[in-house]
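Architecture and fold: a report
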Amino acid sequence: QVQLVESGGGLVQAGGSLRLSCAASGSIFSINDMGWYRQAPGKQRELVATITRGGTIMYADSVKGRFTISGDNAKSTVYLQMNSLKPDDTAVYYCIADKSGARYWGQGTQVTVSS
């Protein structure tokens, strides 16, 4: 089992920045990928960004150039730096970790961007 704990969400004005963190614990050996999804009210959960153990990164088109994902293997932690935030970025952000064919989810952290 892998446990994921997110932090760093909150309320910010449009154009502002937030940094999310996700710390993995438990059976973290051989975690392949980590990343972030988000779910806005009334919408489906969508991919935001992922990073592999080898450092390969993928972003959703909607966040390219504004969000940066990074990882610290020693701390088993993944970060999401979010800049130039827009009201459309308002959502619950979930951390994910993939290991041995299973996907683990964090409890989510709320990000609210006011106009």
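Let me sum up the structure you'll find in this document. (Residues numbered from 1 in each chain as written. Predicted model: local features only at pLDDT ≥ 70, side-chain atom pairs only at ≥ 80, totals over all residues. Heavy atoms only, no water.)

**As for the sheet that holds strand S8 (residues 77-82)**
Note the threshold: Pairing between strands is defined by DSSP: at least two bridges between the two strands are required. Runs of E in the DSSP output that reach at least two residues are strands. Runs of H or I that reach at least four are helices, and both are numbered from the N terminus. Axis lines are fitted to C-alpha atoms, over the contacting stretch for helices. Their N-to-C directions set the angle, which ranges from 0 to 180 degrees.
Sheet architecture is open: 4 strands sit in the order S1-S3-S8-S7, paired in antiparallel fashion. Here the strands that pair on one side only, and so sit at the sheet edges, are strand S1 (2-7) and strand S7 (67-72). Across this sheet, the average inter-strand angle for adjacent strands is 15°, counted without regard to direction. In this structure, strand S3 (residues 18-26) lies alongside S8, joined through 6 bridges in antiparallel fashion. Bridged to Leu 18 within S8 is Met 82.

**Points about the packing of aromatic side chains**
Where we set the bar: In summary, the pairing rule links any two rings of Phe, Tyr or Trp, Trp by its six-membered ring, whose centres are within 6.5 Å, and it sorts them by plane angle into stacked for under 30 degrees, edge-to-face for over 60 and tilted for everything else. Classification of residues uses two cut-offs on accessible area relative to the type maximum, computed with a 1.4 Å probe and protein chains only: under 20% is buried, over 50% is exposed, and between them is partly exposed.
If you walk through the whole model with that rule in mind, you get 2 aromatic pairs. Where Tyr 37 meets Trp 105, the ring centres are 5.2 Å apart and the plane angle is 65°; that geometry is what we call edge-to-face. Here Trp 105 lies in strand S10 (residues 102-105) and Tyr 37 lies in strand S4 (residues 33-39), a separation of 68 residues in the sequence. We classify Tyr 37 as buried; its relative accessible area is 16%. With relative accessibility at 35%, the residue Trp 105 sits in the partly exposed group. Note on Tyr 94 and Trp 105: the rings are 6.2 Å apart at their centroids and 80° apart in plane angle, and the pair reads as edge-to-face. Note that Tyr 94 is positioned in strand S9 (residues 91-99) and Trp 105 in strand S10, a separation of 11 residues in sequence. We classify Tyr 94 as buried; its relative accessible area is 14%.

**Digging into the pattern of salt bridges**
Heads up, the rule is: In the sections that follow, a salt bridge refers to a side-chain nitrogen of Lys or Arg positioned within 4 Å of a carboxyl oxygen of Asp or Glu.
If you walk through the whole model with that rule in mind, you get 5 salt bridges. Two residues, Arg 66 and Asp 89, come together in a salt bridge whose shortest N-O distance is 2.7 Å. Of this pair, Arg 66 sits in the loop between strand S6 (57-59) and S7 while Asp 89 sits in the loop between S8 and S9; the two residues are 23 residues apart in sequence, bridging distant segments of the chain. Arg 66 gets classed as buried once you look at its relative accessible area, which sits at 11%. We note a salt bridge from Arg 103 to Asp 98, for which the minimum N-O separation is 2.7 Å.

**Structural notes on the environment of Pro 87**
What counts, and what does not: We call two residues in contact when some of their heavy atoms are within 4.5 Å.
Checked against the element boundaries, Pro 87 lands in the loop between S8 and S9. Note on Pro 87: relative accessible area 38%, which makes it partly exposed. In the structure, Pro 87 is positioned 12 residues away from Lys 99 in sequence and 33 Å away in space, judged by C-alpha atoms. Once residues within four sequence positions are removed from consideration, Pro 87 is found in contact with Ala 14, Val 113 and Ser 115.

**Quick look at the side chain of Thr 77**
Spelled out, the test is: Whenever a nitrogen or oxygen atom comes within 3.5 Å of another N or O atom, the pair is scored as a polar contact, on the condition that within protein one atom can donate a hydrogen and the other can accept it, and that pairs from neighbouring residues in sequence are kept only if both atoms are in side chains.
Summarising the element assignment, Thr 77 is placed in strand S8. In terms of polar contacts, Thr 77 uses its side chain to reach the backbone carbonyl oxygen of Lys 75, at 2.9 Å. Apart from residues no more than four positions distant in its own chain, Thr 77 is found in contact with Cys 22, Ala 23, Ser 70, Gly 71 and Asp 72.

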